[in-house]
Amino acid sequence: MSVYSIKDLEHLSGIKAHTLRIWEQRYNFIKPKRTVTNIRYYDDDDLKLVLNISLLKNSGLKISKISKMSLQEMSQEVLRLTDQNLGFPEQIHALTLSMIDLNEERFEKILATNILQLGFEKTMIKIIFPFLTKIGVLWQTGSISPSHEHFITHLVRQKIIVAVDGQFISNNEYHKKYMLFTPEGELHELSLLFASYLIKARKNKVVYLGQSLPFADLASVHQIHEPDFLFSVITSTPGQDKIQAYVDDLANTFPNTTVLLTGFQVVGQDIKCPSNVIIVNRLEELIDFIEVSNNKVATE
């Protein structure tokens, strides 16, 4: 059973903590527990309740009406609504509920429905990665258990791998060559996998080296393949005290290659980028970069 603060509930549901406290007093359907030191906290059932309320409220139901519904009635209405074409925030709420319940069937249905309606790429960009960002914050602070994070990561990873495998590029038709990796010790791979899909879907060659790659191995493979671009996702390692040196090493070791970097360790940080290093802040920026590079090849 996970433990959440009221700020965690606010972050996941989008409902302000002040509003949640008012609802506690006025409608009495959110009842926080208290520690021995009288600090309030919430459990999985409370989170599911708040997410259900948020989804129903965003779908047009008044809070006064929601407060009179039983838990079963709420769940049934939420299931009915999530089978429809809801907005992105509501779909993210529905995925969060599936995660808390470890409900693989429900998660798969939501994902498959959105892929059918929006396409794989848009579903990943507009729903899955914003969802992963939300739960990633809670996982890092210990608010959700590793089992929840592993459950979701496994399901999403399977979808991305299938999509990547469906993109075949022959050696004589690709535009540019990208080499993808994460630094040694970096095990977060989903963004790297999805970047592989985005690159291959736009007719580029991918040399995929995966997670936790030693620097010496990167240099050896680079010498063999001579890629146009290096791309890496740096989320948790090498750490803020070493990241600038790592970026400088990449730039100096591969001076004739453009290095694309993204992830928590570099985005929004005070990284001094050498001339051949580019920080990618959002997935949309990566897509724009790929397409602009392809267009340059087409006009040459």
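What this report covers is the structure whose coordinates are included nearby. Bear in mind that the values here come from a model prediction, so they are computed numbers and not experimental data.

A word on the overall build of the protein. On a plain count of helices and strands, the protein comes out with 13 helices and seven strands. Here the C-alpha coordinates of the protein stretch approximately 65 × 45 × 30 Å along the principal axes. Taken over 300 residues, the protein has a buried fraction of 47%. When contacts within the protein are restricted to residue pairs at least 6 apart in sequence, those whose partners lie at least 24 apart make up 70%. With the model as given, the accessible surface of the protein reaches about 15,000 Å², and the carbon-plus-sulfur share is 51%. Within the protein, one finds 31 positive and 34 negative side-chain charges whose respective centroids are separated by 9 Å.

With that settled, consider the pairing of strand S4 (residues 205-208). Consecutive side chains of a regular strand alternate in pointing toward one face of the sheet and then the other. Where strand S3 (residues 177-181) lies against S4, four bridges are found, and the strand directions are parallel. Within S4, the position partnered with tyrosine 178 by the bridge is valine 206.

Let's shift gears to the packing of aromatic side chains. Applying the stated criterion across every chain yields a total of nine aromatic pairs. Taking the centre distance of 5.1 Å and the plane angle of 80 degrees together, the rings of phenylalanine 229 and phenylalanine 289 count as edge-to-face. Here the residue phenylalanine 229 occupies a position in strand S5 (residues 229-233), and phenylalanine 289 occupies one in helix H13 (residues 283-299), the gap between them amounting to 60 residues. For phenylalanine 289, a relative accessible area of 21% gives the class partly exposed.

With that settled, the discussion passes to the nonpolar core. With 70 residues, the main nonpolar core has Phe131, Leu132, Ile152, Val156, Ile160 and Phe194 as its most contacted residues. Not counting chain neighbours up to four residues away, the residues in contact with phenylalanine 131 comprise Ile92, Leu95, Thr96, Met99, Phe107 and Ile152. Grouped together as the second largest cluster of nonpolar side chains are 19 residues, Met179, Val207, Val247 and Val266 included.

To continue, consider the sheet that holds S4. What holds strands together in a sheet is hydrogen bonding between their backbones, with the strands either parallel or antiparallel. Read across the open sheet, the five strands follow the order S4-S3-S5-S6-S7; overall the sheet is parallel. Both outer strands of the open sheet, S4 and strand S7 (277-279), are each paired with one neighbouring strand and no more. Averaged over all adjacent pairs, the angle separating strand axes in this sheet is 25 degrees, with direction ignored. Both S5 and strand S6 (residues 258-262) contribute to a ladder of five bridges, which runs parallel. Looking at S6, one finds that phenylalanine 231 is bridged to leucine 260. Helix-sheet contacts for helix H11 (residues 215-225) involve S3, S4 and S5, and the interaxial angle to S3 is about 165 degrees. In the packing of helix H12 (residues 243-253) onto the sheet, the strands contacted are S3, S6 and S7, and the crossing angle to S6 comes to about 155 degrees.

Attention now moves to the environment of isoleucine 199. Tracing the sequence through the fold places isoleucine 199 in helix H10 (residues 190-201). With a relative accessible area of 0%, isoleucine 199 lands in the buried category. C-alpha separation for the pair isoleucine 199 and tyrosine 41, spaced 158 residues apart in sequence, amounts to 44 Å. Discounting residues that sit within four places of it in the chain, isoleucine 199 has contacts with Tyr178, Leu180, Asn204, Lys205, Val206 and Ile290.

All right, on to the environment of serine 5 then. With respect to the element layout, serine 5 can be found in the segment before helix H1 (6-13). The partly exposed category is assigned to serine 5, whose relative accessible area is 31%.

Our focus in this paragraph is the pairing of S5. Most of S5 sits out of view: five of its five residues are buried. Side chains of S5 alternate between two faces, with Phe229, Phe231 and Val233 and Leu230 and Ser232 buried alike. As defined by bridge partners, S3 adjoins S5 across four bridges and the pair is classed as parallel. Pairing of tyrosine 178 across the sheet is with phenylalanine 229, part of S5.

Residue proline 238 is bonded to the preceding threonine 237 through a cis peptide linkage, with omega at 20 degrees. Positionally, proline 238 belongs in the loop between S5 and H12. The residue serine 212 is not glycine, and still its phi comes out positive at about 50 degrees. As for its position among the elements, serine 212 is in the loop between S4 and H11. Classification of serine 212 as partly exposed rests on a relative accessible area of 27%.

Calculation rules
- Residues numbered from 1 in each chain as written.
- Predicted model: local features only at pLDDT ≥ 70, side-chain atom pairs only at ≥ 80, totals over all residues.
- Heavy atoms only, no water.
- Helix = DSSP H or I, 4+ residues; strand = E, 2+ residues; numbered from the N terminus.
- Buried < 20%, exposed > 50% of the residue type's maximum accessible area, 1.4 Å probe, protein only.
- Contact = heavy atoms within 4.5 Å.
- Areas by Shrake-Rupley, 256 points an atom, 1.4 Å probe, with all protein chains shown as cover.
- Lys, Arg positive; Asp, Glu negative; His and termini not counted.
- Charge placed at Lys NZ, Arg CZ, Asp CG, Glu CD.
- Pairing = 2+ DSSP bridges.
- Phe/Tyr/Trp six-rings, centres within 6.5 Å; stacked < 30°, edge-to-face > 60°.
- Core = buried A, V, L, I, M, F, W, Y, C linked by side-chain atoms within 4.5 Å.
- Axes fitted to C-alpha atoms, helices over the stretch in contact; angles between N-to-C directions.

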